[in-house]
Amino acid sequence: RKYWVTCTNPPYAGTSNLGANVNNFVKKNYPDSKADLFAVFIERCRQMTANNGYQAMITQHSWMFLSSFEKLREKMMLTETVNMAHLGARAFEEIGGEVVQTTAFVRCANHVDGYKGTYCRLIEPTTQPGKEKLFLEHKECYYASQQRFQIIPGYVIAYWMSQQAVSLFKKCKNVGKISNLKEGIKSGNNERFLRNWYEVSTRNTDFNAKDYSFTKRKSIKWYPVTTGGGYRKWYGFYDSVIDIGEEAVRIKNSGNNNARLREPEFYFRSGLTWSKISTRISIRKLREGIVFGSAGPCLFCNDEDEDYLCALLNSKVADEIISVLNPTISMTASDIGKVPVAIEKKDDVRFLAEDNIRYSKEDWDSFETSWDFTTHPLVNMSKGLWDATSTAAAMDYFYGYLPEASCPLEICYLLWQGLCKERFEKLKANEEELNRIFIDIYGLQDELTPEVEDKDVTVRRADLGRDVRSFISYAVGCMFGRYSPTYDGLAYAGGTWDDSKYNIYKPDADGIIPICDDEYFEDDMMGRFVEFVRVVYGDSSLEDNLRFIANALGGKGQPKEVIRNYFLNDFYADHCKIYQKRPIYWLFDSGKKNGFKCLIYLHRYQPDTIARIRTDYVHEQQARYRTAIEDLEKQVATATSTSERVKLTKQLNKVQAQDTELHQYEEKVHALADQMIKLDLDDGVKHNYEIFKDVLAKIK
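As the structure is a prediction and not an experimental result, all values here were calculated from the model.

Criteria and thresholds
- Residues numbered from 1 in each chain as written.
- Predicted model: local features only at pLDDT ≥ 70, side-chain atom pairs only at ≥ 80, totals over all residues.
- Heavy atoms only, no water.
- Phe/Tyr/Trp six-rings, centres within 6.5 Å; stacked < 30°, edge-to-face > 60°.
- Helix = DSSP H or I, 4+ residues; strand = E, 2+ residues; numbered from the N terminus.
- Buried < 20%, exposed > 50% of the residue type's maximum accessible area, 1.4 Å probe, protein only.
- Lys NZ or Arg CZ within 6 Å of the ring centre and 35° of its normal.
- Core = buried A, V, L, I, M, F, W, Y, C linked by side-chain atoms within 4.5 Å.
- Contact = heavy atoms within 4.5 Å.
- Pairing = 2+ DSSP bridges.
- Patch = residues over 30% accessible without salt bridge, like charges linked within 9 Å, V, L, I, M, F, W, Y side chains within 5 Å.
- Areas by Shrake-Rupley, 256 points an atom, 1.4 Å probe, with all protein chains shown as cover.
- Salt bridge = Lys/Arg side-chain N within 4 Å of Asp/Glu carboxyl O.
- Axes fitted to C-alpha atoms, helices over the stretch in contact; angles between N-to-C directions.

The subject of this paragraph is the packing of aromatic side chains. On inspection of all chains with the given rule, the structure shows 41 aromatic pairs. An angle of 25 degrees between the planes, with centres 5.4 Å apart, marks the rings of Phe480 and Tyr585 as stacked. Taken together, the residues Phe480 in helix H17 (residues 464–480) and Tyr585 in strand E17 (residues 585–589) connect sequence positions 105 residues apart. Relative accessible area serves as the criterion here: at 0%, Phe480 is assigned to the buried category. For Tyr585, a relative accessible area of 0% translates into the label buried. A cation over an aromatic ring shows up here: Arg121 above the ring of Trp160, its NZ or CZ 3.9 Å from the ring centre.

Looking now at the nonpolar core. In this structure, Phe471, Ile472, Phe529, Ile549 and Leu599 are the most contacted members of the largest nonpolar core, which totals 123 residues. The residues contacting Phe529, other than those within four sequence positions of it, are Phe471, Ile472, Ala475, Met479, Leu546, Ile549, Ile563 and Phe567. Counting residues in hydrophobic clusters, the runner-up holds 74 residues, among them Trp160, Phe169, Tyr359 and Ile439.

Bridge analysis of strand E2 (residues 81–89) against strand E4 (residues 116–121) gives three bridges, and the strand direction is parallel. Pairing of Met84 across the sheet is with Tyr119, part of E4. Where E4 lies against strand E5 (residues 141–145), five bridges are found, and the strand directions are antiparallel. Each bridged residue has a counterpart across the sheet, and for Gly117 the counterpart in E5 is Ala144.

There is a patch of nonpolar side chains on the surface, built from Ile95, Val99 and Val100 and spanning about 270 Å² of accessible area. Among the structural elements, Val100 can be located in the loop between E2 and strand E3 (101–108).

Okay, the sheet that holds E2 next. The five strands lie next to each other as E1-E3-E2-E4-E5, forming an open sheet whose pairing is mixed. Only two strands of the sheet have a single partner each, and these edge strands are strand E1 (54–60) and E5. Taken pair by pair, the neighbouring strands of this sheet meet at an average axis angle of 15 degrees, ignoring direction. Contacting E1 and E3, helix H3 (residues 37–47) runs over the sheet at an angle of about 180 degrees to E1.

This is how it looks when you write it as structure tokens:
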């Protein structure tokens, strides 16, 4: 309200369309700051300041960097003098978090040629007292001529940048001059048009096809798409598909004004991509056949320059420059395009980059959420051991020493651990060598060092707990026929079932696997898992293997008891986490008493699946509970000691509670079974899961 009082001829406040009138007024009168009202205040206060007068403000710091405020910066730096205390996050005790980042500045409404402003960089202390102390001690002070900001693309207020670094913008071409930087497709409705690749049927997807042109592949509905991700270099975060079948007619006709089919001529081309929303830039190889989305913008260039630019943009040099050009969490294509490029030692750089991309892809594809996943590494390692005459001989062959352990699964893990360690160290060494090369090329030896911290190396080391859990997940996939120990990649995810893929381990016949706290069913989860371990690693070491798995899970009790409890209590939470709350195995769960649980595989679901769960499993479990209750009641009545009676009564109460829970659950299952519901996988897990929410475990 105070703002509009100061405006000349403000829009009439009584109008029913106040918001639109305000926007129009701002766009017309404050075109250089219209992107945000706080920046409009900066301009308006300047209008109220007399010539040679001073204007002091505390505002958000985004106007110093974002392209939408470039004209505002240019006007300030060319016509006025500025001094600043750059406060960053947590400048005020009343305002927590990292989102609100501020700067305090004084501008004089007069320009002085050659003037050097004083800039206090108070970013690092994360408390108000810390910033005050740093300011009063006159530390982290920079003196920068305002003319130097003209050299930096976009007039970015990078006052702390060295003269050597600033000069690079004059001497070198930038990334935007030698490449095409594109923002990518925007669906306007991700819930409708985006899926994780494992949700839809593989009948509609072909992730290895080279020719994805709309005109030649109209039958395909789902196409791989970049959707960003976190901080990961070189390769990865390819896990989504987008509905652009038949030239994206559905997106075009959705009526959503936010939808954009930008730059379709660049779709499916190889290039480089990154996560638009991220605290740090990390560039990844984009292979052919993938659409690029707005959350995963892309860079396209000559094949000769692609790996070189990938290496440069993943280096410390580029990281430092990009953090100056845009220290916010939004990395746009224009930000990347401003990075200066000096091309030297091209063959050396490309060789190291190719290695790094390969290492990162191997790591990414070792986990089942990659669409190029073939076999679990602990199973893959076992294949190399079968030809050895003994486990000791196998270890002697692979490692050159005899281990204390004699368990094949443990040996497989040790081999995997060694492979991960080697990959991690090679990638780290390569990144440090690339840093040395680029630091030398750009002449930044006085400012940067080539060392890479372990936390910044984005391939995974072996982790016993995680890797054993992922092994169990793979085993469950084999139980359902999604995978097979002797077949690389997806054995079944919709389409035609091929029984020839399952020659040593047969999947569950009906695709329904109960999870019980005792051996109630022949095909229960625990029984099938033990059989899987036996088939893959042999009979002689079965007990050792189960003990190794149980120790990795960290539970108490006998190995089978620990593993059974994991299936009962923790497996599904892990599965939902791995599959980003879009599970492909669905847990039918009667409740907290564990009266009944079973898993099904989404891609094997049929309209009669729930009816079969009810008749073949729920009813059978109810009969078992009734028998168990009768037997326990007799034992309680004939117990000869108090302690025995207490123990039996406790067991009886547990079974009675499970029976009661299952009776109520059966009614819910019955209601759904009678409906014979058909599912369309293209609707996605979130939509389809909601249909059965009354009988399925909650996704947390």
